[in-house]
Amino acid sequence: AMDESQIASLLKSSELFPTPQSVKLSYGTAGFRGDAKLLDSTVYRVGILSALRSLKLGSSTVGLMITASHNKVSDNGIKVADPSGGMLSQEWEPFADQIANASSPRELVSLIREFVEKEEIAIGEEKKNKSAEVWLGRDTRPSGESLLRAAEIGVSSILGSVAIDKGILTTPQLHWMVRAKNKGLKATENDYFENLFTSFRCLIDLIPNSGKDKLEVSKVIVDGANGVGGLKLEELRESLNNLDLEIRNTGRDGGVLNEGVGADFVQKEKVVPLGFGSKDVETRCASFDGDADRLVYFYIPTESSTDKVELLDGDKILSLFALFIKEQLNTLDDDDKEGTRSRLGVVQTAYANGASTDYLKQLGLDVVFAKTGVKHLHEKAAEFDIGIYFEANGHGTILFSETFISLLVAKQKDLTQGSEEHKAVSRLVAVSNLINQAVGDALSGLLLVEVILQHMGWSVQKWNELYKDLPSRQIKVEVPDRAAVVTTSEETEALKPLGIQDAINAEIKKYPRGRAFIRPSGTEDVVRVYAEASTQEAADSLANSVAQLVKSFLG
Ligand code: G16
């Protein structure tokens, strides 16, 4: 329970942050998001929540990230990293919604009081010398600094709690640091960088080519979305050999965050981002999003007279990773006398291109589907020995179970140095270190793609040929109330408004290989429409008709 001094502290600080009128807030796909000017009270309250989360979990460190990722620059947002480094446990989301929407300090305090009792969280006098610890990070948005102060006040209003400002970071850096800290490992930003380049170098050294020195490393150009990712990649580049890297859209040259640049723009529009053009024809290019938790690749084809790009999205990155890991596992399985055959699985969402799913199944992989939002994919990927998850938008990573890692490390000790099996095991161990185990990470994803391409001796064009995407189209539709759309758990069918799914089905029937669905966005105030068909014209037309249906049912 909370004592008088704790209650007084909460009442006093919450007076500083009145809730804006008539905004209904929801924790959504990836935390709270919206116009930065309306977020002070929300961020302050999530500060309180994160301190309580830390106390609930034995004073483990919790992370708080101030970012609105792919959203426009005037938006901002906040999300919580659990002590594992993953997303806040979904069990706490209803409490987050409740306190964010509490209309007065009294209501807020009474909600907190009830929750603290229900969850049996010891605070104030009772907790003796144990206190909460929250690490805060923010992206480069101009509103970030003052929102971070609001979060700090929220954290400190739970008596004895400590808020530590880690400054400007990518979202995945903060998740990684929180995870490392709670595992008792070195957890500074420098440790993050060191981990990346050590495991990257290890994978480079394992490339099967005796004449490695002669191996020509072609250039990759990275679009930093005018956000934090390009800046951090510049820092990392200092320590990277074996990578010819050019970074554009770092935000230093006056470009606006996510505007005509970045992974969300390139993936949704399939056009060249600002700062790229005919001089880059056929060159391997990559785009990060605003907080560098998403990665897509693209190139400008020779014959292109328009600004269209060939996109290599999250599905294609997933396929490349799956292929590489499977190759290593096959090498091991040949040698598998003790029956340690592993289970490799992949997780996608309804947005996955149908051709990618076919390809992954052909590889003999277990393909599982989850709802949009990394929190959902992550959960399912964690059920495998090695689980690879990716959203088509470029958000994803590879998870290795603790048991499987121990097994690999033991095998690495047993096997003869220099044998093919030893190399395969060492590659898997290095991948597990390189790739962010907490959350999707554009920096580590980029390094893994680059080293795999070198390993295979592939160009971006060759990689693109793994399979051919079915033409697809995505549209955002603004409606008065996006919550009027309710979908099934896999988001492939709309249950509400009544009748809309039948109407969508009737449209789909008109197109060979047609597929389409609608869902309310959890990060923007729109309904999203996705359509796929055998030609681009058909996909566009299907998407447009479905968008019309959304307007007429909800408009
Ligand atoms: C966030 C989530 C992603 C999700 C995306 C779009 O990305 O982390 O999992 O795919 O939003 O979600 P929705 O369609 O619900 O708007 P980010 O990069 O913005 O954090």
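Within an unreviewed UniProt entry, the label attached to the protein reads Phosphoacetylglucosamine mutase, and the organism entered is Eutrema salsugineum. UniProt annotates the protein under Pathway (unreviewed entry) with the comment "Nucleotide-sugar biosynthesis; UDP-N-acetyl-alpha-D-glucosamine biosynthesis; N-acetyl-alpha-D-glucosamine 1-phosphate from alpha-D-glucosamine 6-phosphate (route I): step 2/2."

1. Details of the overall build of the protein
Along its length, the protein carries 18 helices and 19 strands. In terms of overall size, the protein behaves like a compact globule, its C-alpha atoms giving a radius of gyration of 24 Å where 555 residues would be expected to give roughly 24 Å. For the C-alpha atoms alone, the extent of the protein along its principal axes is close to 70 × 60 × 50 Å. Expressed as a percentage of its 555 residues, the buried residues of the protein come to 51%. Here the contacts in the protein between residues at least 6 apart in sequence split such that 71% fall between residues at least 24 apart.

2. What to know about the domain arrangement of the protein
Note on interface size: it is often stated as the accessible area lost on association of the parts. If you check the domain split of the protein, you get domain 1 (4-168), domain 2 (195-311), domain 3 (315-464) and domain 4 (472-554). Distance from the C-alpha centre of domain 1 to the C-alpha centre of domain 2: 34 Å. Each side of the interface is counted separately: domain 1 has nine residues, and domain 2 has twelve residues. A breakdown of the residues in the side of domain 1 that touches domain 2 according to their chemical character gives two nonpolar, four polar and three charged.

3. Let's talk about the environment of Trp135
When you line up the elements, Trp135 lands in strand β4 (residues 133-138). For the pair Trp135 and Val178, spaced 43 residues apart in the sequence, the C-alpha separation amounts to 7.5 Å. Ignoring any residue separated from it by four or fewer positions in sequence, one finds Trp135 in contact with Thr61, Gly63, Ile164, Lys166, Leu174, Met177 and Val178.

4. Regarding the nonpolar core
By size, the foremost hydrophobic cluster in this structure holds 132 residues, and its most contacted members are Ala151, Phe321 and Ile388. With residues up to four places along the chain from it excluded, the contact list for Ile388 reads Leu318, Phe321, Ala322, Val346, Ala381 and Ile398.

5. A closer look at unusual backbone geometry
For the bond from Lys496 to Pro497, the omega torsion is -5°, close enough to zero to count as cis. Tracing the backbone shows Pro497 in the loop between β17 (494-496) and α17 (500-508). Here Asn226, not a glycine, exhibits a phi torsion of approximately 60°, which is positive. With respect to the secondary-structure elements, Asn226 resides in the loop between β6 (220-223) and α8 (228-237).

6. Re the pairing of strand β8 (residues 284-288)
Taken across its five residues, β8 has five buried, putting it largely inside the fold. By the alternation rule, side chains of β8 split into Arg284, Ala286 and Phe288 and Cys285 and Ser287, which are all buried. The pairing of β6 with β8 spans four bridges and is parallel. Counted as the bridge partner of Asp223 is Ser287 from β8. Two elements, β8 and strand β9 (residues 295-299), share four bridges in a ladder whose sense is antiparallel. In the strand pairing of β9, Ser287 is matched with Val296. Joining the antiparallel neighbours β8 and β9 is a turn of six residues, in which Ala292 adopts a positive phi near 65°.

7. Side note on the UniProt feature "binding site: Mg(2+)" (unreviewed entry) in the protein
The residues that UniProt annotates with the feature "binding site: Mg(2+)" (unreviewed entry) are Ser69, Asp289, Asp291 and Asp293. In sequence the annotated residues extend across 225 residues, while in space they remain close, none of their C-alpha pairs exceeding 7.9 Å. Along the chain, Ser69 falls in the loop between β2 (61-66) and β3 (75-81). In this structure, Ser69 is in contact with Ala30, Thr171, Asp289, Gly290, Asp291 and Asp293, ignoring residues within four places of it in sequence. Residues in contact with Asp293, not counting those within four places in the same chain, are Ser69, Thr170, Thr171, Pro172, His395, Val439, Gly440, Asp441 and Ala442.

8. What to know about the sheet that holds β3
Taken in spatial order, the five strands make up an open sheet running β1-β3-β2-β4-β5, and their pairing is mixed. Each edge of the open sheet carries a strand with a single partner, namely β1 (32-35) and β5 (162-168). Put simply, the sheet's adjacent strands are angled 15° from each other on average, direction ignored. Two elements, β1 and β3, share four bridges in a ladder whose sense is antiparallel. Looking across to β3, one finds that Arg33 is bridged to Gly77. Each of β1, β2, β3 and β4 touches helix α2 (residues 40-56); the most contacted strand, β2, lies at about 165° to it. Packed on one face of the sheet, helix α5 (residues 144-156) meets β2, β3, β4 and β5 and runs near 170° to β4.

9. Quick look at the packing of α2 against α5
Packing of α2 against α5 brings their axes to within 7 Å, and their N-to-C directions diverge by 40°. Taken as axis vectors, α2 and α5 run oblique relative to one another. Once α2 is placed against α5, the crossing between them reads as right-handed. For the pair α2 and α5, the contacting residues are Asp40, Val43, Tyr44, Arg45, Val46, Gly47, Ile48, Ser50 and Ala51 in the first and Leu147, Ala150, Ala151, Glu152, Ile153, Gly154 and Val155 in the second.

10. Section: the environment of Leu159
Structurally, Leu159 can be placed in the loop between α5 and β5. Remark: the alpha-carbon pair of Leu159 and Asn195, spanning 36 residues in sequence, is separated by 35 Å.

11. Some points on the confidence of the model for the protein
With 95% of its residues at a pLDDT of 70 or more, the protein has an overall mean of 94. For this predicted complex, the interface confidence score (ipTM) comes to 0.96, while the overall pTM stands at 0.95.

12. So, the packing of helix α7 (residues 189-205) against helix α14 (residues 420-434)
At a closest axis distance of 8 Å, the pairing of α7 and α14 adopts a crossing angle of 155°. By the criterion of interaxial angle, the relationship of α7 to α14 is roughly antiparallel. Crossing hand, α7 versus α14: left-handed. Of α14, the residues touching α7 (which contributes Asn195, Leu196, Ser199, Phe200, Cys202 and Leu203) are Arg427, Ala430, Asn433 and Leu434. For the contact of α7 with α14, a count of residues per class yields six nonpolar, three polar and one charged.

13. Describing α2
Spanning 17 residues, α2 covers 25 Å between terminal C-alpha atoms, matching the ideal 24 Å at 1.5 Å per step. Of all 17 residues in α2, 17 are buried; the element is thus mostly enclosed. Within two residues after α2, Gly58 carries a phi angle of roughly 60°, on the positive side.

Rules used in this analysis
Residues numbered from 1 in each chain as written. Predicted model: local features only at pLDDT ≥ 70, side-chain atom pairs only at ≥ 80, totals over all residues. UniProt positions renumbered as here; feature names shortened; annotations may be inferred. Helix = DSSP H or I, 4+ residues; strand = E, 2+ residues; numbered from the N terminus. Rg over C-alpha atoms; globule rule 2.2 N^0.38 Å. Buried ≥ 20, exposed ≤ 12 C-beta atoms within 10 Å, placed from the backbone. Contact = placed C-beta atoms within 7 Å. Domains from an automatic or database assignment. Nonpolar A, V, L, I, M, F, W, Y, C, P; charged D, E, K, R; others polar. Core = buried A, V, L, I, M, F, W, Y, C linked by C-beta atoms within 7 Å. Pairing = 2+ DSSP bridges. Axes fitted to C-alpha atoms, helices over the stretch in contact; angles between N-to-C directions. Parallel < 35°, antiparallel > 145°, perpendicular 65-115°, else oblique. Left-handed = near helix turned anticlockwise from the far one by under 90°. pLDDT = per-residue confidence, 0-100. Expected span 1.5 Å × (residues − 1).

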